[in-house]
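Observations on the model geometry
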Amino acid sequence: MGRDPARHVDEADAVVDLDGALVTAAFVDAHVHATSTGLALEGLDLTGATDLADCLRRVEAAGRRARGGVLLGHGWDETGWPEHRPPTRQELDRASYGGVVYLSRVDVHSAVVSSALLATVPEVRGEAGWSESGHLTRDAHHVVRRVARESITPGHRRALQRATLRRAAALGIGSVHEMAGPDISSAEDLSALLALAGEESGPDVVAYWGEMGEAGVARASELGAAGAAGDLFADGSIGSHTAALRQPYADADHAGHAYLNAAQVRDHVLACTRVGLQAGFHAIGDGALDAVTAGLAEAADRVGDEALRAARHRVEHVEMVSPEAIRTLARLGVVASVQPAFDRLWGGADGMYAERLGARRAVTLNPYAALSAAGVVLALGSDSPVTPIDPWGAVRAAVEHRTPGSGLDLAAAFAAHTRGGWQAARDDAAGVLAAGAPATFAVWARSGTAGGLLPEPDEGTPDCLHTVVRGAPVHTSD
Ligand SMILES: [Zn+2]
């Protein structure tokens, strides 16, 4: 603000005295899963479980409340527990009195399930990633996740999605990018979310549909998605040992699993580029990012760098990215959609990444400074429910990177969580407070503000007083 309000008052519909509050562009969370986030907000949240027994106690209490209904929980992380292992299905059977239970790991790349759930899909025993323990990864996990998802009724789903959008608005977010797909959610789930966003006031929802090839492109267009992109898996996650690495894990005798090769990436990128959709992939390990960047480069060899730059493809996570891969992303105008909370939770020389990769490799992860210096547009996000929606927390984590020299300065981090998000969705006009730009902004309670300076990371999270999307209020604090 800071300018003389009287100069604009003739054209204003309403004048609100903000009493010195801070006004900024609204945040964009560039990677969310709305329905799963709603479950984490309203269902069985295991992110705070301190050990295996605590996890099982929470399952038992939630099972009583669910009264025989399907129990969906999220967020366990065995790496911080003294037992260092998830519950077994026998333990879940006992805790739930034989109930149907699905509990996703914090990174959502694996889950533990109860015997009663497995009994509904006996064929899962033949799938890759099957384990007698009930801890399922890869294809076996996809089968049980579908069972869990289909247990949610349309009315319940709408309530969950609404809870997510309201939470986002209350945190000063003007737009979320929903990462939908045939494995992780469903076409119905995405259509319902877009319908909700159209009917009720709230943050903008930009949809991405993670399905490969011509079929994926057709479906993405049909669904109104901005891209056949998002969680289109080139690999899994480091926590679940499913990220594809160049060299084996430090704590396992394999190098993870690449779901896509360069030729598949190339063909998908070409299919998207032809119809003007964004292509995009989930890629975390250096092996997966090699395949993705090789595929992008091969696509550019066919149609030219400029065609790729114009399509503005994106890669999600981009955690273990080599200098060569960074150069390719920069050259081809590919956006890096990154989650600084991953570094806060798991980064540095002594975190979970160091346990999985060894400290030498761990400290090379999430090189935001190098990406930004190379000219790669960064868009910040949460990957909620993997980490909670918390935009100021993400800004803080990007600034206070666990590896010195890898973080961003405050202004760059804030820009990556506002303007960068709009750019990631190919809107270059939004995300700034300027005459002629969309009136999408947030108002923050903050005393002693002068000249619109951002709060320093150590000042904590300011309260959001108002969130406005294109001139319409979507949140007002009470
Ligand atoms: Zn995701």
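For the structure itself, look to the data block above.
How each quantity is defined
- For every chain, the first residue of its written sequence is number 1, and the numbers climb from 1 along that sequence.
- Totals for whole chains, interfaces and linings use every residue, but because this is a predicted model, local features are given only for residues with pLDDT of at least 70 and side-chain atom pairs only at 80 or more, for both listing and counting.
- Note that the side-chain values use all heavy atoms of the structure and ignore hydrogens as well as water.
- Each metal site lists N, O and S donors within 2.8 Å (3.2 Å for Na, K and Ca). With water left out of the atoms, a site can look as if it is missing ligands.
- Four donors are marked tetrahedral only if all angles between them lie between 85 and 135 degrees, whereas four are marked square planar and six octahedral if opposite donors are more than 155 degrees apart and the other angles lie between 65 and 115; the remainder are marked irregular.
- In DSSP terms, a helix is any run of H or I states spanning at least four residues, a strand is any run of E spanning at least two, and both are numbered starting from the N terminus.
- Exposed residues in this analysis have more than 50% of their type's maximum accessible area, buried residues have under 20%, and partly exposed residues fall in between, with area computed by a 1.4 Å probe over protein chains only.
- Only Phe, Tyr and Trp rings take part, Trp by its six-membered ring, and two of them pair if their centres are within 6.5 Å. Stacked means planes under 30 degrees apart, edge-to-face means over 60, and tilted covers everything else.
- Any two strands between which DSSP finds at least two bridges are classified as paired.
- Whether two residues are in contact is decided by their heavy atoms, any of which lying within 4.5 Å being enough.
- Axis definition: a line fitted to C-alpha atoms, limited for helices to the stretch in contact. Angles are taken between N-to-C directions and run from 0 to 180 degrees.

Some points on the coordination of the zinc ion
Within the protein, the atoms that donate to the zinc ion are H31 (NE2), H33 (NE2), D231 (OD) and D383 (OD), at distances of 2.0 to 2.5 Å. Angles of 80 to 168 degrees at the metal separate the four donor atoms of the zinc ion, which places the site in the irregular class. Counting residues between consecutive donors of the zinc ion along the chain gives the motif H-x1-H-x197-D-x151-D. Residue H33 is located in the loop between β2 (27-32) and α1 (34-42), and its partner D383 is located in the loop between β14 (378-380) and α17 (391-399); the two are separated by 350 residues in the primary sequence. Using a relative accessible area of 10% as the deciding quantity, one classes H33 as buried.

Points about the packing of aromatic side chains
Applying the stated criterion across every chain, the model contains seven aromatic pairs. Ring geometry for F27 and W392: centres 5.1 Å apart, planes at 90 degrees, overall edge-to-face. Within this pair, whereas F27 is found in strand β2, its partner W392 is found in helix α17, the two being separated by 365 residues in sequence. Residue class for W392 comes out buried when judged on its relative accessible area of 6%. For the pair W392 and W444, a centre-to-centre distance of 5.2 Å together with 75 degrees between the ring planes defines the contact as edge-to-face. Taken together, the residues W392 in helix α17 and W444 in strand β15 (residues 441-445) connect sequence positions 52 residues apart.

Things to note about the sheet that holds strand β5 (residues 101-105)
Across the sheet, which stays open at both edges, the five strands sit in the order β3-β4-β5-β6-β7 with mixed pairing between neighbours. Strand pairing shows two members of the sheet lacking a second neighbour, β3 (44-45) and β7 (135-137), which therefore form its edges. Examined bridge by bridge, strand β6 (residues 110-113) and β7 share three bridges and lie antiparallel to one another. Residue S110 lies in a different strand from β7, and its bridge partner there is T137. Along the sheet, helix α5 (residues 138-150) contacts β4 (71-76), β5, β6 and β7; its crossing angle with β7, the most-contacted strand, is approximately 110 degrees.

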